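A look at the structure
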Amino acid sequence: MLRSAVRDAAPAGGRRRWREGTGKRAGMTGRITVVEGDITEQDVDAIVNAANPSLLGGGGVDGAIHRAAGPELLAECRTLGGAATGEAKVTRGYRLRARYVIHTPGPVWRGGRAGEPELLARSYASCFARAREIGARSVALPAISTGAYRFPIEAATVIAVREARRALDAGGLEEVRFVCFTRRDADVYRRVLAAAPG
């Protein structure tokens, strides 16, 4: 039975030029890829939406995903009752290429003293858990909480990559794709992957 969750998309504003990098270590059953592009255009089983707790749409990636998926996404999200920070819920992808959207509210950065790193890790872990439940083999994610919620990109990327590797080690997933809207963010992901190959 399909669980509902809000989807994570990249900011709206046209197509981006794609650059791709990969990261894989011994013992991994899948791979991590990094691309510059629009998350709403990803041809994967599921995309992640950096949602707000209401799951009813907003700005940035959240708004872009809702616009690309069509009004049916909002209608399904209205049935979900929102989500707590670190929780993830699944919906259908509707007009997106992806079959599913996994919605997670990440934490607002408050200086790092309010449990933000742990909450961000929980958001990623919850998304990967939902992905396994729906049988997704490929998942595309944005840089959760690094936009309007102001989580520092370097610290957020370390957490994202760590949780992705744990999910790949657990089996089931074949690809975790981090979709970055800027070259700067993509370079951070590539640098973190290169600096911590294990």
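Everything in this summary refers to the structure shown in the same document. (Residues numbered from 1 in each chain as written. Predicted model: local features only at pLDDT ≥ 70, side-chain atom pairs only at ≥ 80, totals over all residues. Heavy atoms only, no water.)

1. Some details on helix α3 (residues 116–133)
- Look at α3: 26 Å from first C-alpha to last across 18 residues, which is about the 26 Å you get at 1.5 Å a residue.
- Taken residue by residue, α3 has Glu 116, Leu 120, Ala 121, Ser 123, Tyr 124, Ser 126, Cys 127, Phe 128, Ala 129, Arg 130 and Ala 131 as its buried positions.
- Taken from the residues just after α3, Gly 135 is the one with a positive phi, measuring 80°. (Helix = DSSP H or I, 4+ residues; strand = E, 2+ residues; numbered from the N terminus. Expected span 1.5 Å × (residues − 1). Buried < 20%, exposed > 50% of the residue type's maximum accessible area, 1.4 Å probe, protein only.)

2. Details of the nonpolar core
- Among the nonpolar cores identified, the biggest contains 38 residues, and Tyr 124, Phe 178 and Tyr 189 are the most heavily contacted of them.
- Secondary structure elements with two or more residues in this core: β2 (31–36), β3 (46–51), β5 (100–105), α3, β6 (138–141), α4 (153–170), β7 (175–180) and α5 (183–195).
- If near-sequence neighbours (up to four positions away) are discounted, Tyr 189 is found in contact with Val 34, Tyr 124, Pro 142, Ala 143, Ile 153, Thr 157, Ala 160, Val 161, Phe 178 and Cys 180. (Core = buried A, V, L, I, M, F, W, Y, C linked by side-chain atoms within 4.5 Å. Contact = heavy atoms within 4.5 Å.)

3. Notes on unusual backbone geometry
- Although it is not a glycine, Leu 55 adopts a positive phi angle of roughly 65°.
- Within the secondary structure, Leu 55 is located in the loop between β3 and α1 (60–69).
- Note on Leu 55: relative accessible area 0%, which makes it buried.
- Positioned with a positive phi, Ser 145 is a non-glycine residue whose angle comes to about 75°.
- Looking at the secondary structure, you find Ser 145 in the loop between β6 and α4.

4. Concerning the pattern of salt bridges
- Within the structure shown, the criterion is met by 9 salt bridges.
- Here Glu 163 and Arg 166 are joined by a salt bridge, their closest N and O atoms 3.0 Å apart. Pair noted here: Glu 163 and Arg 166 are both in helix α4, with a separation of 3 residues, about one helical turn.
- For Asp 185, the salt bridge identified is with Arg 184, shortest N-O distance 3.2 Å.
- Here the salt bridges do not stand alone but share partners, grouping Glu 36, Asp 187 and Arg 190 into one network. (Salt bridge = Lys/Arg side-chain N within 4 Å of Asp/Glu carboxyl O.)

5. Description of the side chain of Asp 185
- By the secondary structure assignment, Asp 185 is in helix α5.
- Within the structure, the side chain of Asp 185 is placed 3.2 Å from the side chain of Arg 184, a separation counted as a polar contact.
- Residues in contact with Asp 185, not counting those within four places in the same chain, are Ile 153 and Cys 180. (Polar contact = N/O pair within 3.5 Å; in protein donor to acceptor, adjacent residues only side chain to side chain.)

6. Things to note about the layout of surface pockets
- In this structure, the largest pocket spans a volume of roughly 460 Å³.
- As for the largest pocket, its lining consists of 24 residues, and the residues nearest its centre are Ala 50, Val 61, Ala 143, Gly 147 and Ala 148.
- Within the residue set of the lining of the largest pocket, elements represented by two or more residues are β3, α1 and β7.
- Broken down by element, the residue count for the lining of the largest pocket peaks at 3 residues, all from α1.
- Residues of the lining of the largest pocket, tallied by class, amount to 13 nonpolar, 9 polar and 2 charged. (1 Å grid on protein atoms, 1.4 Å probe; cavity = no way out; pocket = protein on both sides within 12 Å on 5 of 7 lines; lining within 4 Å. Points joined across faces, edges and corners; volume = space filled by probe spheres on them. Nonpolar A, V, L, I, M, F, W, Y, C, P; charged D, E, K, R; others polar.)

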